[in-house]
Amino acid sequence: TQLLEQSPQFLSIQEGENLTVYCNSSSVFSSLQWYRQEPGEGPVLLVTVVTGGEVKKLKRLTFQFGDARKDSSLHITAAQPGDTGLYLCAGERAGGFKTIFGAGTRLFVKA
Amino acid sequence: SQTIHQWPATLVQPVGSPLSLECTVEGTSNPNLYWYRQAAGRGLQLLFYSVGIGQISSEVPQNLSASRPQDRQFILSSKKLLLSDSGFYLCAWRGDRSTGELFFGEGSRLTVL
């Protein structure tokens, strides 16, 4: 059972388009992270959200944590080929040491 | 600053052979350490985590084991590899204990033939 469900699994878009990636769960998380991974490398942390309803912006990327802390979204404005990669959401439940990951969204931005 | 390294980067092993992947962290003390496995292009499956020397928690029953002989060293092992052990193995340490942020090594690609 996947505790964190990501959608879509795969996304291929043209440069300049906007997109949103979703991360959903039936469980409450004390925090959620978004990572980006290039082929053959380890994931790199993009952002952490900890407060329900929190919105964080990182240049053209906007991250939101759901009010109930069960879901999160990543919105990319005016996507560029350099945004291509695997986007992973990850979360930790309250009181635990374990960080679990969603299955990932593979984004391909065509020039 | 903190760094994490794992090796070897690539490994091709026959079925039934042993395995040892090593991971070390520098620039921090008493880190939480993790081993994940990733299938091609997919998410990460937590295999083991450790909150201190000699303390290992296993998440998935399998053909692998982990050890933490020193504070900043984490080792993933197997006595006899299976075909299904093939994958991309990632070691990570936890940066902020309150928010669960992880910092990953370069990864080790294991192919079992």
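That block above? That's the structure.
Quick caveat, the model's predicted, so the values are computed rather than measured.

Cut-offs used in this document
Residues numbered from 1 in each chain as written. Chains lettered and ligands numbered in written order. Predicted model: local features only at pLDDT ≥ 70, side-chain atom pairs only at ≥ 80, totals over all residues. Heavy atoms only, no water. Helix = DSSP H or I, 4+ residues; strand = E, 2+ residues; numbered from the N terminus. Buried < 20%, exposed > 50% of the residue type's maximum accessible area, 1.4 Å probe, protein only. Contact = heavy atoms within 4.5 Å. Pairing = 2+ DSSP bridges. Axes fitted to C-alpha atoms, helices over the stretch in contact; angles between N-to-C directions. Buried area = accessible area lost by both parts, 1.4 Å probe. Salt bridge = Lys/Arg side-chain N within 4 Å of Asp/Glu carboxyl O. Polar contact = N/O pair within 3.5 Å; in protein donor to acceptor, adjacent residues only side chain to side chain. Nonpolar A, V, L, I, M, F, W, Y, C, P; charged D, E, K, R; others polar. Phe/Tyr/Trp six-rings, centres within 6.5 Å; stacked < 30°, edge-to-face > 60°.

**Q** Describe in detail the side chain of Thr48(A), supporting the description with residues and values.
**A** Mapped onto the elements, Thr48(A) comes out in strand 5 (residues 44–49). With relative accessibility at 6%, the residue Thr48(A) sits in the buried group. Among residues more than four places away in sequence, those in contact with Thr48(A) are Ser31(A), Leu32(A), Gln33(A), Glu54(A), Lys56(A), Thr99(B) and Glu101(B).

**Q** Break down the sheet that holds strand 1 (residues 3–7) of chain B for me, citing the residues and quoting the values.
**A** Residue and element names in this part refer to chain B. With respect to topology, four strands assemble into an open sheet ordered 1-3-8-7, the strand pairing being antiparallel. Strands with a single pairing partner mark the edges of an open sheet, and in this sheet they are strand 1 and strand 7 (65–70). Taking the axes of each pair of neighbouring strands and ignoring which way they run, one obtains an average angle of 20 degrees across the sheet. Taken together, the four bridges between strand 7 and strand 8 (residues 73–78) define a ladder with antiparallel strand orientation. If you follow Gln 70 over to strand 8, its bridge partner there is Gln 73.

**Q** Account for the sheet that holds strand 6 (residues 55–58) of chain A, naming residues and giving values.
**A** Residue and element names in this part refer to chain A. Sheet architecture is open: five strands sit in the order 1-3-8-7-6, paired in antiparallel fashion. Single-partner strands in this sheet number two, and they are strand 1 (5–7) and strand 6. In this sheet, adjacent strand axes meet at a mean angle of 15 degrees when their direction is disregarded. As judged from the four bridges shared by strand 6 and strand 7 (residues 61–65), these two strands associate in the antiparallel manner. Looking at the pairing, Lys 56 lines up with Phe 63 of strand 7.

**Q** Would you mind going over the interface of chain B and chain A in detail, with residue names and values included?
**A** Interface size is commonly expressed as the accessible area that is lost once the parts come together. With 24 residues of chain B at the contact, the number on the chain A side is 24 residues. Surface buried jointly by chain B and chain A totals about 1800 Å² across both partners, of which 52% is contributed by carbon and sulfur atoms. For the pair chain B and chain A, the interface holds two salt bridges. The interface formed by chain B and chain A contains eight residue pairs in polar contact (both at pLDDT 80 or more). Across the side of chain B that touches chain A, the residue classes tally to eleven nonpolar, eight polar and five charged.

**Q** Before we move on, could you go through the pattern of salt bridges and cite the residues and values that matter?
**A** All names here are of chain A. One pass over the full model with this rule turns up eight salt bridges over all chains. Note that Asp 83 is salt-bridged to Arg 60, the shortest N-O span being 2.9 Å. Linking Asp 83 in the loop between strand 8 (71–76) and strand 9 (85–92) with Arg 60 in the loop between strand 6 and strand 7, this pair joins segments that are 23 residues apart in sequence. Note on Arg 60: relative accessible area 23%, which makes it partly exposed.

**Q** How would you explain the environment of Gln62(B) if you had to name every residue and give the values?
**A** All names here are of chain B. Tracing the sequence through the fold places Gln 62 in the loop between strand 6 (55–58) and strand 7. Through-space distance from the C-alpha of Gln 62 to that of Asn 32 is 22 Å; in sequence the pair is 30 residues apart. The contacts of Gln 62, once residues within four sequence positions are left out, are Arg 37, Leu 47 and Phe 48.

**Q** Let's hear about the packing of aromatic side chains: which residues, and what values?
**A** All chains considered together, the criterion is met by nine aromatic pairs over all chains. Summarising the aromatic geometry, the rings of Tyr35(A) and Phe101(A) are spaced 5.4 Å apart at their centres and angled 45 degrees between planes, so their arrangement reads as tilted. Highlighted residues: Tyr35(A) in strand 4 (residues 31–37) and Phe101(A) in strand 10 (residues 99–101), separated in sequence by 66 residues. Exposure class is identical for Tyr35(A) and Phe101(A). Each is buried. The interplanar angle of 25 degrees and the centroid separation of 6.3 Å between the aromatic rings of Tyr34(B) and Tyr36(B) together place this pair among those described as stacked. Each member of the pair, Tyr34(B) as well as Tyr36(B), is classed as buried.

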